[in-house]
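# Descriptive analysis of the structure
These are the residues of each chain, in order.
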Amino acid sequence: MAGPNGSGKTTLLRHLNGLVMPSEGDVSISGVRVKGNLLHARKMVGMVFQDADSQIVGETVREDVAFGPENLGLDPATVDGQTDWALEKVGLAHKADMSPHLLSGGEKRRLAIAGVLSMQPEIILFDEPFSNLDYPGICQVVGQMKTLKKDGHTIVVTSHDMDPVIELADRLIIMGQGRIVKDGTPALEGREAISLGIRPIMAPGTVRESAWLL
Amino acid sequence: MASLTAFHYQSGNTMIHNLDARFKLILMALTSITLLNVSAWALVGVSGMLAVLGWHIGLPLLSAAKELRYFFILLLMVFMARVLSTSGEPLVQIGFLEISKQGLVDGGLVCWRLLSIVLLGLVLVSTTRVSEIKQSVAWFFNPVPGVPEKRLATMLGLIVRFIPEIFAKAGEVTAAQQARGIGSRKNPFFRLKTFTIPLLRGVIRDAGNLALAMEARCYSEDGIRGMTSATPRDWGMLIAGSGLCMVAFFI
């Protein structure tokens, strides 16, 4: 999902997790209404927030990842099992006893992903996952998304910069002023992208043309 | 890469780290009362023991002193107020303002007591996980009728969690203001306003984001786990600590 600031991307994501309730219409996840079934929605849909720092609640990496499964009321052995599995999955098992504050930006984002994965959701929402990340950090997060997609998770990503994820995308939605203005395959030419308020997607060899457009 | 401040939990395996959090809170309350009420000599002894504890757990004292710079300004104000409001044999007189030896001693002692209590708090937060503090608070308030102990514990846990964030944010705001030439503005009220507003805005926004992230991960107050039983070593430390506080009272 792409679109300029204030176009409603984050608000739409929050509806899917039941953090925001619609004033009109209805939101359903796999046929189950979010309203009245919040726990179901949150078990089904995990959300990785834009600012990884502000979602850290644990004093150690392990404790933070275990936060979600503990809230689901799982027994301690299952919590430990799911925590270890999620840490292994994002490659942070060797840092399990470290303070999250000592992790790099990319690692913090992976920690946030592990925190969501440990709850074993089917759908994972990423809100601006590349903001404030350097190139290695972006590569780490994209690598993680590839693995999640391969494992059968549905991934929804909002971003101004679709370059890193466009090759993974099956569908591209452009938002504008709270509405969907384009919904289709992830092919968007430079001029069209700019008119919709997003950065053009750089296919090889199009860099010069896009620079001219800007 | 970021580093841990004195306000973060520092993992370790010292006897203070391993002490039951409920006993730590009781000892902290007892020691704070002691620090506020004992004589100057006993204060030297108790604060000396605190300094040894800080060294034992590896508390980064230099980093703590740097981060406490705003607290030192507050201490200076408290010192000035005590010096100017305590009567005694005048050492210096400027107009109607009088500085006495008793005022200087009294101001110094008050600041020393407050600083020692802050050091005690640092020892607690750097050796105790926020989750342990939350569990302890819920345990203490569980028998009190009409008190939502789990909500209270969560609130306290969040406050402890946010202390390092607030200091980090204060550092960022200060650096940003300095980069924009705040140094040339001499009006302290203007400087305070330009520091406080972005700091509060940032902290409130982060608190909102954290609340949303916790909600998204199915947080509920019922998720606070119970405490494990205290060990004989915990009881031994409680008795020893309380005994030392009693001795300090009678010196």
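Described in the following lines is the structure provided in the data block. (Residues numbered from 1 in each chain as written. Chains lettered and ligands numbered in written order. Predicted model: local features only at pLDDT ≥ 70, side-chain atom pairs only at ≥ 80, totals over all residues.)

Moving on: the overall build of chain B. Along chain B, the regular secondary structure elements total ten helices and two strands. In chain B, the succession of α and β elements from N to C terminus is α-α-α-α-α-β-β-α-α-α-α-α. Taking all 251 residues of chain B together, 22% fall into the buried category. Across chain B, contacts joining residues at least 24 apart in sequence account for 74% of those joining residues at least 6 apart. (Helix = DSSP H or I, 4+ residues; strand = E, 2+ residues; numbered from the N terminus. Buried ≥ 20, exposed ≤ 12 C-beta atoms within 10 Å, placed from the backbone. Contact = placed C-beta atoms within 7 Å.)

It is worth spelling out helix 6 (residues 135-150) of chain A at this point. Residue and element names in this part refer to chain A. In a regular helix each residue adds 1.5 Å, so 16 residues correspond to 22 Å; helix 6 covers 23 Å between its end C-alpha atoms and thus fits that length. The set of residues buried in helix 6 consists of Ile-138, Gln-140, Val-141, Gln-144, Met-145 and Leu-148. Projected onto a plane normal to the axis of helix 6, the buried residues spread over an arc of 160° and lie on a single side. Exposed positions of helix 6 whose direction lies more than 90 degrees from the buried face are Tyr-135, Pro-136 and Lys-150. (Expected span 1.5 Å × (residues − 1). Arc of directions from axis to C-beta.)

Another aspect to go through is the interface of chain A and chain B. Taken together, the contacts link 25 residues of chain A with 22 residues of chain B. At the level of secondary structure, the elements contributing two or more residues to the side of chain A that touches chain B comprise helix 2 (38-44) and helix 3 (61-71) of chain A. The dominant element in the side of chain A that touches chain B, judged by the number of residues it contributes, is helix 3 of chain A, at five residues. Taken together, the residues of the side of chain A that touches chain B sort by class into nine nonpolar, ten polar and six charged. (Nonpolar A, V, L, I, M, F, W, Y, C, P; charged D, E, K, R; others polar.)

Another point: unusual backbone geometry. Residue and element names in this part refer to chain A. Of note in the backbone geometry, Ser-30 takes a positive phi value of approximately 50° without being a glycine. With respect to the secondary-structure elements, Ser-30 resides in the loop between strand 1 (28-29) and strand 2 (32-33). C-beta crowding within 10 Å serves as the criterion here: with 11 such atoms nearby, Ser-30 is assigned to the exposed category.

What follows covers the nonpolar core. In this structure, Met47(A), Val48(A), Ala114(A) and Val116(A) are the most contacted members of the largest nonpolar core, which totals 50 residues. Residue contributions to this core peak at six residues, all from helix 5 (residues 105-117) of chain A. Excluding its chain neighbours within four sequence positions, the residues that come into contact with Met47(A) are Leu13(A), Asn17(A), Val116(A), Leu125(A), Asp127(A) and Ala216(B). Leu35(B), Val46(B), Leu119(B) and Leu120(B) belong to the second-largest nonpolar core, a separate cluster that totals twelve residues. (Core = buried A, V, L, I, M, F, W, Y, C linked by C-beta atoms within 7 Å.)

Residues and elements named next belong to chain B. Within the element layout of this structure, Ile-117 appears in helix 6 (residues 101-127). With 18 C-beta atoms counted inside 10 Å, the residue Ile-117 sits in the partly exposed group. Through-space distance from the C-alpha of Ile-117 to that of Met-28 is 8.7 Å; in sequence the pair is 89 residues apart. Sequence-distant contacts of Ile-117, that is, excluding residues within four places in its chain, are made with Ser-32 and Leu-35.

So, about helix 1 (residues 9-16) of chain A. Residues and elements named next belong to chain A. Burial in helix 1 covers these residues: Lys-9, Thr-10, Leu-12 and Leu-13. Within helix 1, the buried residues cover an arc of 160° as seen down the axis, which keeps them to one side. The inward-facing, buried residues of helix 1 contact strand 3 (45-48), strand 4 (123-127), strand 5 (154-158) and strand 6 (172-176). After helix 1 finishes, the residue Gly-18 shows a positive phi value of roughly 75°.

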